[in-house]
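# Residue-level structure breakdown
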Amino acid sequence: MYVATPEPEVALGRLLFWDPVLSGNRNISCGTCHNPRFGTGDGVSLGLGEGGVGLGPERRPDPRNLPEQRIPRNAPALFNLGAREFTVLFHDGRIEADPARASGLRTPLEDDMTLGFSGVLSAQTMFPVLSGDEMAGHYSENEVSRAVRLGRITGEGGAWDLISDRVAAIPDYAARFAQVYPDIAAGRDIAFTDISNAIAAFVAFEWRSDGSAFDAHLRGTAPLQGAAAAGMDLFYGKAGCSDCHSGPFLTDHDFHAMGAPQLGPGKAARFEDHARDLGRMRVTGDPADAYAFRTPSLRNVAATGPWGHGGGHADLRAFVVDHLDPVPALERWNRQAAVLPPLDGARDWRVMDDAAERAAIAAAAARPAVALSGEEIDALIAFLDSLTDRAALDGRLGIPETVPSGLPVDR
């Protein structure tokens, strides 16, 4: 499904989303790791950002500029993130709507957070462009990565300012921003918040998902039948899935320790030497939040693998089976279930090869097992398939042929 005349802000955001000019080395766009070919993810367990070439499972290290490490968490899907219900984003919820703050947001920047972001979807763009492993580039490679390393994010000469200047220097972008935002037409400089607001408008438009068979069921126009209907009964009943995957987007937007396998570099401070990822605890500091991650929406879930915050499962059925009884599943998990582009020197299995680390994950995830037959598992998968919305998966506007910077577009 394509729309011929989108709103100017959406059209502007589309170009920015696909333009590598926002990355430090001008070689990665938002669409590199959030591509409709892979369910708005990247099709791998843990991606390669800076230092990678190619797309999805075919992405490989660039021998001229090798990645320092994998991106520590699985690329999340982008469906319905413009809905008002989404007030917390990222696997650990490190960005959250907070009306008590001047910016209206709680983020790692705390009181230094710049004003002007339209909401959490806009503000989430601040993270990838500041990450050396994702878009900013490695230290000393470019002016953006140097600013990030020095802690210069906001204000004149900060990383966001440098990115905004790049965009403003492109005549086509300058004209489009003036068309979309009257105060820019009146003489205000283009700010990073303007860039992020336009991208948010595009993401909300492009990947709104409400046209699945499940939606038709909810509207009463075409009730689910057969295995999908049986799976829905299990989902909302015996299997207990809806305890966390509730509401129209099938998420409670809360955080739960579910015992998913952890692989890759983990999330550690520079002075630490470990590969664990404590999830929500890294945000709250509360030990009760150890290994807890945000409940993902299940819209289009059949197309968004690999699954889990670490992407430990490339097969949805296997993930569901392990999810129903995660503690023994950790012990039998096979690393062949992951999809990882080759990366020399990567220490991907430090956590899963460590009995004490596995035990800590299992302890946090202790919960009663749910026993389902093979036929019941098949029915659950049929229900999850009913959440697929083809128009949303394809995207309403699609990938532009060119972008104003003239840089190559990842297709």
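This write-up is about the structure you can find in this document. Just so we're clear, the structure is a prediction, and the values are computed from it rather than from any experiment.

Quick look at the overall build of the chain now. Scanning the chain for helices and strands turns up 18 helices and seven strands. The C-alpha atoms of the chain give a radius of gyration of 21 Å, which matches the 22 Å a tight globule of 411 residues would have. Dimensions of the chain along its principal axes, counting C-alpha atoms only, are 65 × 55 × 45 Å. Residues classed as buried in the chain amount to 54% of the 411 residues present. Across the chain, contacts joining residues at least 24 apart in sequence account for 66% of those joining residues at least 6 apart. Surface summary for the chain: the accessible area is close to 17,600 Å², and the carbon and sulfur share equals 52%. Taking the average location of the 38 positive side-chain charges in the chain and that of its 55 negative ones, the two points are 2 Å from each other.

This part covers the layout of surface pockets. If you add up the space inside the second largest pocket, you get close to 1,000 Å³. Contributing to the lining of the second largest pocket are 46 residues, with His-245, Thr-295, Pro-296, Leu-298 and Phe-319 lying nearest its centre. The dominant element in the lining of the second largest pocket, judged by the number of residues it contributes, is helix 14 (residues 316-324), at five residues. Each residue belonging to the lining of the second largest pocket can be placed in one class, and the counts come to 29 nonpolar, 13 polar and four charged.

The subject of this paragraph is unusual backbone geometry. In this structure, the amide linkage connecting Gly-305 to the following residue, Pro-306, adopts the cis form with an omega of -5°. Its identity is not glycine, yet Asn-80 carries a phi of approximately 65°, on the positive side. Along the chain, Asn-80 falls in the loop between strand 2 (60-61) and strand 3 (88-89). Residue classification places Asn-80 among the buried positions, given a relative accessible area of 6%. For His-253, which is not glycine, the phi dihedral falls at a positive 60°. Inspection of the secondary structure assignment puts His-253 in the loop between helix 12 (226-235) and strand 6 (255-256).

Now for the side chain of Arg-73. Within the secondary structure, Arg-73 sits in the loop between strand 2 and strand 3. Separated by 2.7 Å, the side chains of Arg-73 and Asp-277 make a polar contact. Setting aside chain neighbours within four positions, we find Arg-73 in contact with Ser-45, Leu-46, His-91, Asp-92, Arg-94, Lys-267, Asp-277, Gly-279, Arg-282, Phe-293 and His-309.

Inspection of the entire model under this criterion finds four cavities of 30 Å³ or more. Estimated volume of the largest cavity: approximately 70 Å³. The wall of the largest cavity is formed by Met-258, Gly-259, Ala-260, Pro-261, His-313, Phe-319, Asp-322, His-323, Pro-326, Ala-329, Leu-330 and Trp-333. For the lining of the largest cavity, the elements supplying multiple residues, two or more each, are helix 14 and helix 15 (326-332). Within the lining of the largest cavity, the residues separate by chemical class into eight nonpolar, three polar and one charged.

A few words on the sheet that holds strand 3. Sheet architecture is open: three strands sit in the order 3-4-5, paired in antiparallel fashion. At either margin of the open sheet sits one strand with a lone partner, and together these are strand 3 and strand 5 (105-106). Relative to strand 4 (residues 95-97), strand 3 is paired through two bridges, and the arrangement is antiparallel. Residue Leu-89 lies in a different strand from strand 4, and its bridge partner there is Ile-95.

Bringing the packing of helix 12 against helix 17 (residues 374-385) into the picture now. Orientation of helix 12 relative to helix 17, taken along the N-to-C sense of each, is 100°, at an axis distance of 7 Å. Relative to helix 17, the element helix 12 is oriented roughly perpendicular. The residues of helix 17 that touch helix 12, namely those facing Ala-227, Ala-228, Ala-230, Gly-231, Met-232, Leu-234 and Phe-235, are Glu-376, Ala-379, Leu-380, Ala-382, Phe-383 and Leu-384. Residues belonging to the contact of helix 12 with helix 17 are distributed by class as follows: eleven nonpolar, one polar and one charged.

The rules behind the values
Residues numbered from 1 in each chain as written. Predicted model: local features only at pLDDT ≥ 70, side-chain atom pairs only at ≥ 80, totals over all residues. Heavy atoms only, no water. Helix = DSSP H or I, 4+ residues; strand = E, 2+ residues; numbered from the N terminus. Rg over C-alpha atoms; globule rule 2.2 N^0.38 Å. Buried < 20%, exposed > 50% of the residue type's maximum accessible area, 1.4 Å probe, protein only. Contact = heavy atoms within 4.5 Å. Areas by Shrake-Rupley, 256 points an atom, 1.4 Å probe, with all protein chains shown as cover. Lys, Arg positive; Asp, Glu negative; His and termini not counted. Charge placed at Lys NZ, Arg CZ, Asp CG, Glu CD. 1 Å grid on protein atoms, 1.4 Å probe; cavity = no way out; pocket = protein on both sides within 12 Å on 5 of 7 lines; lining within 4 Å. Points joined across faces, edges and corners; volume = space filled by probe spheres on them. Nonpolar A, V, L, I, M, F, W, Y, C, P; charged D, E, K, R; others polar. Polar contact = N/O pair within 3.5 Å; in protein donor to acceptor, adjacent residues only side chain to side chain. Pairing = 2+ DSSP bridges. Axes fitted to C-alpha atoms, helices over the stretch in contact; angles between N-to-C directions. Parallel < 35°, antiparallel > 145°, perpendicular 65-115°, else oblique.

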